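# Structural overview for review
Each chain, written out:
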Amino acid sequence: MTSVNAVKNLSFEWLVGLRYTRAGRRSGRNGFISFISLISMAGIGLGVAAMIVVISVMNGFQKEVRDRMLSVLAHVEVFDASGALPDWRSTALEVQKNPAVTGTAPYVDGQAMIIREDVMRGVILRGILPEEEPKVSDVASKIKYGKWADLKPGEFNIVLGSALASSLRVHIGEKITLASPEGQMTPAGVVPRLKAFNVVGIFEAGHYEYDSGMAFMHIEDAQKFFRLNSPSGLRLRIKEMLKAPQVAFELSRNLSGDLLIRDWSQQNKVYFAAVKAEKTMMFIILTLIIAVAAFNLVSTLVMTVTDKQADIAILRTLGAAPSSIMKIFVIQGTIVGCLGTLSGVGLGLLISLNIDVIVPFVESLLGIQLLSKEVYVISKLPSDVQLSDVLTIGSVALILAMLATIYPSWRASRVKPAEALRYE
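Residues numbered from 1 in each chain as written. Predicted model: local features only at pLDDT ≥ 70, side-chain atom pairs only at ≥ 80, totals over all residues. Heavy atoms only, no water.

For the protein, an unreviewed UniProt entry supplies the name Lipoprotein-releasing ABC transporter permease subunit and the organism Undibacterium umbellatum. Quoted verbatim from the Sequence similarities (unreviewed entry) field of the UniProt record, the comment on the protein reads "Belongs to the ABC-4 integral membrane protein family. LolC/E subfamily." For the protein, the Subcellular location (unreviewed entry) comment in UniProt is given as "Cell membrane". (UniProt positions renumbered as here; feature names shortened; annotations may be inferred.)

This is the structure in structure tokens:
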């Protein structure tokens, strides 16, 4: 009874608009119009679903790569412009006053040349305290071979990235030679400072840039190798990594001394800017799919207006205003757009939330592998559905559908009753 009363309370524009939306399916004369309307609805739905799936997969890849980066990188770094932070303990105490900071650890950063027989590679060296490093990164849990705890002061042990170790053809227990960029003066002139290190571990972060060009050693060994008297700075971990820029700004205002602060997004600014631009362009390109479906909606409404000219003329004769006629076809087009958008959102969410099941099924069915382990580090298609993206995509689809109703509705409101009824 409640639904019946609700229908009775609708204005005649809504009643006629709803009737026009359904009538074509029952009438053989209007069957073609109904078919085009269904195609328009399906086009909008497929466009919305495609956008949700693609954007969710892009979000998944971005999240996966970001998490792998942050398994090696800290959320925030605090360092001195001179490259040394002698009083790092007092700075650590100052930093920990910020409630967002959950861990701190000192570090030494530098570059060197790593040599193994006839192979030479450039490498970023990071000196750390093995017992403190797990507070700011997950690299200790990424050890593939060897032991993280073997990084002991004075023993000149080193942990290499998996791709770097592979290119050097080095294994646990073997030695490599590091050449410092700062040479030493001898009677024969300036020669590189060389130091042998024992390989005690191999880590795999899952990010090629770090796996192929980074190595870890004890902070005391790093200070001796680079001839430093103190750590380069502090690495921090915060509760919510997405708030790192905000926390970095707060620390820059509150910390004493002439310190420099950078967060993880600044260290990879080019990469994240490229991902953002790619996501924006993909959004624009996929919006065109919905726009094409909206053009189909225009043709559907134009044909409906042409077919219903006699009905429009009778309504005008009965006293319906041009604005009411226009409203009828806006309602019809909006209903088609809403149904298409809702079906697309449902289909898109269904695929995105179950992509870890759907993709392996398709791969086994077709006998192919979409992401080869030999080519891609990520062997499974990730997906990260974000509510803001779904709402944005749904809103864009509805707006395009409503814009598509303007011209046909205006044309319907301009129908002249006398001319429309002349041949009826």
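Having seen the structure, we can now continue with the description.
## Some remarks on helix 11 (residues 309-317)
The complete set of buried residues in helix 11 reads Ala310, Ile312, Ala313 and Leu315. Just beyond helix 11, the residue with positive phi is Gly319, at close to 110 degrees. (Buried < 20%, exposed > 50% of the residue type's maximum accessible area, 1.4 Å probe, protein only. Helix = DSSP H or I, 4+ residues; strand = E, 2+ residues; numbered from the N terminus.)

## Some thoughts on the UniProt feature "transmembrane region" (unreviewed entry) in the protein
Summarizing the sequence annotation, UniProt attributes the feature "transmembrane region" (unreviewed entry) to residues 32-61, 283-305, 325-350 and 390-407 in the numbering used throughout. Between the C-alpha atoms that bound residues 325-350 there is a distance of 38 Å. The span itself is 100% helix and 0% strand. The span residues 390-407 shows a helical share of 94% and a strand share of 0%, and its end C-alpha atoms are spaced 28 Å apart.

## Some words on the packing of aromatic side chains
Tallying each qualifying case throughout the model produces 6 aromatic pairs. Geometrically, the ring pair formed by Phe197 and Phe225 is edge-to-face, given 6.0 Å between the ring centres and 80 degrees between the ring planes. Residue Phe197 is found in strand 7 (residues 189-203), and its partner Phe225 is found in helix 7 (residues 219-226); the two are separated by 28 residues along the sequence. With a relative accessible area of 4%, Phe225 lands in the buried category. Between the aromatic rings of Phe225 and Phe226, the centroid separation amounts to 5.1 Å while the plane-to-plane angle is 80 degrees, which identifies the pairing as edge-to-face. Following the ring pairs from residue to residue traces out a cluster consisting of Phe156, Phe197, Phe225 and Phe226. The residue whose ring lies beneath Lys195 is Phe156, and the NZ or CZ to ring-centre distance is 4.1 Å. (Phe/Tyr/Trp six-rings, centres within 6.5 Å; stacked < 30°, edge-to-face > 60°. Lys NZ or Arg CZ within 6 Å of the ring centre and 35° of its normal.)

## What about the layout of surface pockets?
Of the voids in this model, the largest pocket is the one considered here, and its volume is about 360 Å³. Considering the residues around the largest pocket, the lining is formed by 16 residues, among which Gln62, Arg66, Leu242, Phe272 and Lys276 are closest to the centre. Going through the elements one at a time, helix 3 (31-69), helix 9 (264-267) and helix 10 (269-307) are the ones with two or more residues in the lining of the largest pocket. With 5 residues, helix 10 is the largest single contributor of residues to the lining of the largest pocket. Broken down by class, the residue content of the lining of the largest pocket amounts to 6 nonpolar, 5 polar and 5 charged. (1 Å grid on protein atoms, 1.4 Å probe; cavity = no way out; pocket = protein on both sides within 12 Å on 5 of 7 lines; lining within 4 Å. Points joined across faces, edges and corners; volume = space filled by probe spheres on them. Nonpolar A, V, L, I, M, F, W, Y, C, P; charged D, E, K, R; others polar.)

## Thoughts on the pattern of salt bridges
Enumeration according to the criterion identifies 12 salt bridges in this entry. Arg116 serves as the salt-bridge partner of Glu174, at 2.9 Å between the closest nitrogen and oxygen. Here Glu174, found in the loop between helix 5 (162-168) and strand 6 (175-186), pairs with Arg116, found in strand 2 (residues 101-116); they are 58 residues apart in sequence, far enough to count as distant. With a shortest N-O distance of 3.0 Å, Lys144 and Glu204 are connected by a salt bridge. With Lys144 in strand 4 (residues 143-146) and Glu204 in the loop between strand 7 and helix 6 (208-211), this pair connects stretches of sequence that are 60 residues apart. (Salt bridge = Lys/Arg side-chain N within 4 Å of Asp/Glu carboxyl O.)

## Overview of empty space enclosed by the protein
Using the criterion set out here, one finds 2 cavities of 30 Å³ or more in the structure. In this structure, the second largest cavity encloses a volume near 40 Å³. Lining the second largest cavity we find Ile52, Ile55, Ser56, Asn59, Asp384, Val385, Gln386, Asp389, Val390 and Ile393. Contributing elements (two or more residues each) for the lining of the second largest cavity: helix 3 and helix 14 (387-404). Of the residues forming the lining of the second largest cavity, the biggest block, 4 residues, is contributed by helix 3. When the residues that make up the lining of the second largest cavity are grouped by side-chain class, the tally is 5 nonpolar, 3 polar and 2 charged.

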